[in-house]
2 protein chains.
Amino acid sequence: MTAPSDARSRGTRLPRVRRRRQLLAAAQEIFVARGYHAAAMDEIAERAGVSKPVLYQHFPGKLELYLALLEEHSEALVEKQREALESTDDNRQRVIASFRAYFDFVAGDGEAFRLVFESDLRNLPAVREKSEQTFQRCAELIGEVIRQDTSISDEEAHLLSIGLVGMAETSARYWINTQGSVPKDAAELLVARLAWRGISGWDLHRGGEGQPTGQDS
Amino acid sequence: MTAPSDARSRGTRLPRVRRRRQLLAAAQEIFVARGYHAAAMDEIAERAGVSKPVLYQHFPGKLELYLALLEEHSEALVEKQREALESTDDNRQRVIASFRAYFDFVAGDGEAFRLVFESDLRNLPAVREKSEQTFQRCAELIGEVIRQDTSISDEEAHLLSIGLVGMAETSARYWINTQGSVPKDAAELLVARLAWRGISGWDLHRGGEGQPTGQDS
DNA sequence: CAGGTAACTTACGCAGGAGTAAGATGGCGG
DNA sequence: CCGCCATCTTACTCCTGCGTAAGTTACCTG
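Student: Quick question: what am I supposed to make of the overall build of chain A here?
Tutor: The helix and strand tally for chain A stands at nine helices and zero strands. Along the chain direction, N to C, the helices and strands of chain A fall in the order α-α-α-α-α-α-α-α-α. Each of the 217 residues in chain A was classed as buried or not, and the buried ones make up 53%. Here the contacts in chain A between residues at least 6 apart in sequence split such that 67% fall between residues at least 24 apart.

Here it is as structure tokens:
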């Protein structure tokens, strides 16, 4: 568990690009495990089997190193979300795919989600903006879908989307932190069903265009 | 905005208990504005119109000072939540009250919610536990209500509760961060409605005990 | 009004960790 | 085989910010 990810090659010289990738991987492990503040550049270097100045030949400072990782994984999440929503035309399936995307994100890539969802650097404007922007972009993708099928205002649709994204993020994080109690598929479907029941046929009472037929399991 | 909350009394001696309360208030302002790491004990002392050692006569260290505040506001949230759920017997009203409690919490007490929801010290076990425990307790309160009215398993009910609490927290935070775009009442009701549509009559398809009558606006 | 004690101050020690000179090394083109 | 440049290392500097030692002032009690 504390085994160096790539110290097999202590003393080995690497071409620039390869080394950079390896440094990013080492940094991710440390940042994820300790958070930004408790992570020491010395430890990151050590984990990569390299001395500290090497780190500074690839990144101007600790902050930039962190931001590089944050950027990468934020984009990955938005991309996953976009793919999920484009994967089908059926809105119910869309909801399921969307939640699955969140659970996949949280389950994948060495717990990188902790950088995006649990950053201890949110007080830095640059980081706060990135986090919120990522969140907003995910919500906006969902918001568009909602707007297509309902007659509610843009602002309201956006607020609903925010709520749904929050639900997805929160439940996915809860699920990953309590691994073993609920299988992934079941958790995804359960929460997706909650969301779908919430939004489907939203404006029926306004004289909507057809009640969801109720088969939802 | 940067006006010292209580430096009117620079040079004034205060009885111990009064001073302690004032120090907590000053600390809250700084911690909320800067986060734990960027907050300096010097600045907290200055804000209170007092010199640093005074701080240390009341709290053993920065961490304990922070934990005192975290504890206080975490308990306040859980209490608000409990009151909301006890305020009525009608589950639909319960949902609304529950969301209102979150919005109230977020709107009140000098943005103290940032300590509970956005702490930059979550990597410290003591803080992580407190946060998660607060979250769990809120979810558990809701979970009990859900279990009373549905036949789903305890684990599933809990997961749903987690999702709902996440939705409440997220939408409340979004609302407070974009003050002015949506009135509080409208936001609360909108999201509460989303949640209520999601859970009400959950297990009808199993042969439940009566369909919700559909009047939900 | 004197003396004691709680409240408070100035001024410092000290540790941890980011970032940096200056020098060593190894492989590759000539 | 030799010199050159990219790669890497040791061994520092320096700053920030927590926590404290020692000394000072106001209030209160006898």
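Student: Any chance you could explain the relation of the copies chain A and chain B here in plain terms?
Tutor: For these two chains of identical sequence, chain A goes onto chain B by a turn of 180° and a shift of 0.0 Å along the axis, with RMSD 0.0 Å. Each copy turns onto its partner about a two-fold axis. In this assembly the copies share their binding face: 100% of the residues contributing to the interface of chain A also contribute to that of chain B.

Student: I would appreciate a short explanation of the protein's contact with DNA strand C in the present structure.
Tutor: Taken together, 21 residues surround DNA strand C, and among them Arg13(A), Met41(A), Lys52(A), Arg19(B) and Ser51(B) come closest. Counting only the atoms of DNA strand C that lie within 4 Å of the protein, the sugar and phosphate share comes to 47%. Separating a phosphate oxygen of DNA strand C from a backbone N or O atom of Lys62(A) is a distance of 2.9 Å. One of the side-chain N or O atoms of Arg19(B) is found 2.4 Å from a phosphate oxygen in DNA strand C. Mapped onto the surface near DNA strand C, the elements with two or more residues apiece are helix H2 (41-47) and helix H3 (52-58) of chain A together with helix H1 (16-38) and helix H3 (52-58) of chain B.

Student: Help me understand the packing of aromatic side chains in this model?
Tutor: Two aromatic rings, taken as a pair, are described by how far apart their centres are and by the angle between their planes. Taken as a whole, this structure holds 14 aromatic pairs over all chains when the rule is applied. Plain terms: the ring middles of Phe103(B) and Trp175(B) are 5.4 Å apart, the flat faces sit at 45° to each other, and that makes the pair tilted. Of the two residues, Phe103(B) sits in helix H5 (residues 91-107) while Trp175(B) sits in helix H8 (residues 154-177), which places them 72 residues apart along the sequence. No difference in accessibility class separates Phe103(B) from Trp175(B), as the two residues are buried. Connected via pairs of aromatic rings, a cluster forms that spans Tyr102(A), Phe105(A), Phe113(A) and Phe117(A).

Student: It is not clear to me how the protein's contact with DNA strand D should be interpreted in this structure. Could you clarify?
Tutor: Neighbouring residues of DNA strand D: 21 residues in total, closest Arg13(A), Arg19(A), Ser51(A), Arg13(B) and Lys52(B). Per the 4 Å cut-off to the protein, sugar and phosphate atoms form 42% of the nearby atoms of DNA strand D. For DNA strand D, a phosphate oxygen lies 2.9 Å from a polar atom in the backbone of Lys62(B). Only helix H1 (16-38) and H3 of chain A together with helix H2 (41-47) and H3 of chain B provide two or more residues apiece to the surface near DNA strand D. Taken together, the residues of the surface near DNA strand D sort by class into nine nonpolar, four polar and eight charged.

Student: For this particular structure, what's the right way to read H1(A)?
Tutor: In an α-helix, one turn spans 3.6 residues, which is why side chains three or four residues apart end up on the same side. Residues and elements named next belong to chain A. In this model H1 runs just 27 Å from its N-terminal to its C-terminal C-alpha over 23 residues, more than 12% under the 33 Å that 1.5 Å per residue would give. At Val32, H1 shows its largest bend, some 80°. Each element contacted by the buried residues of H1 is listed here: H2, H3, helix H4 (62-86) and helix H6 (113-117).

Student: What am I meant to see in the packing of H1(B) against helix H4 (residues 62-86) of chain B here?
Tutor: The axes of two packed helices give the description: the angle between them and the distance between them. All names here are of chain B. The N-to-C vectors of H1 and H4 enclose an angle of 100°; their axes lie 10 Å apart at closest approach. The orientation of H1 with respect to H4, classified from their angle, is roughly perpendicular. From H1, Leu24, Ala27, Gln28, Phe31, Tyr36 and His37 reach across to H4, where they touch Lys62, Leu63, Leu65, Tyr66, Ala68, Leu69 and His73. Of the residues assigned to the contact of H1 with H4, the class counts are nine nonpolar, three polar and one charged.

Student: Explanation requested: the confidence of the model for chain A in the structure shown.
Tutor: A low pLDDT score tells you not to read the predicted coordinates there in detail. Across chain A, pLDDT averages 91, with 89% of residues at or above 70. The low-confidence segment residues 207-217 of chain A (pLDDT under 50) makes 13 contacts with residues lying over four places distant or belonging to another chain.

Student: In this structure, what is going on with unusual backbone geometry? I would like to understand it.
Tutor: Most peptide bonds take the trans configuration, and most residues that are not glycine carry a negative phi. Residues and elements named next belong to chain A. Even without a glycine there, the phi angle at Asp109 is positive, about 55°. Structurally, Asp109 is set in the loop between helix H5 (91-107) and H6. You will see that Glu111, though not glycine, has its phi angle at about 60°, which is positive. Judged by relative accessible area, which is 34%, Glu111 ranks as partly exposed.

Student: Got a minute to help me understand the interface of chain A and chain B in this structure?
Tutor: Counting residues at the interface gives 43 residues for chain A and 43 residues for chain B. In total, about 3,700 Å² of surface goes out of reach between chain A and chain B, with carbon and sulfur atoms giving 61% of it. Connecting chain A to chain B are two salt bridges. Put simply, Glu118(B) and Arg128(A) hold a salt bridge, and the shortest N to O gap is 3.6 Å. In this structure, the connection of chain A to chain B is made through eleven residue pairs in polar contact (both at pLDDT 80 or more).

Rules behind the numbers
- Residues numbered from 1 in each chain as written.
- Chains lettered and ligands numbered in written order.
- Predicted model: local features only at pLDDT ≥ 70, side-chain atom pairs only at ≥ 80, totals over all residues.
- Heavy atoms only, no water.
- Helix = DSSP H or I, 4+ residues; strand = E, 2+ residues; numbered from the N terminus.
- Buried < 20%, exposed > 50% of the residue type's maximum accessible area, 1.4 Å probe, protein only.
- Contact = heavy atoms within 4.5 Å.
- Least-squares fit on C-alpha atoms with pLDDT ≥ 70 in both.
- Near = heavy atom within 4 Å.
- Polar contact = N/O pair within 3.5 Å; in protein donor to acceptor, adjacent residues only side chain to side chain.
- Phe/Tyr/Trp six-rings, centres within 6.5 Å; stacked < 30°, edge-to-face > 60°.
- Nonpolar A, V, L, I, M, F, W, Y, C, P; charged D, E, K, R; others polar.
- Expected span 1.5 Å × (residues − 1).
- Bend = angle between axes of the 7 residues up to and from the residue.
- Axes fitted to C-alpha atoms, helices over the stretch in contact; angles between N-to-C directions.
- Parallel < 35°, antiparallel > 145°, perpendicular 65-115°, else oblique.
- pLDDT = per-residue confidence, 0-100.
- Buried area = accessible area lost by both parts, 1.4 Å probe.
- Salt bridge = Lys/Arg side-chain N within 4 Å of Asp/Glu carboxyl O.

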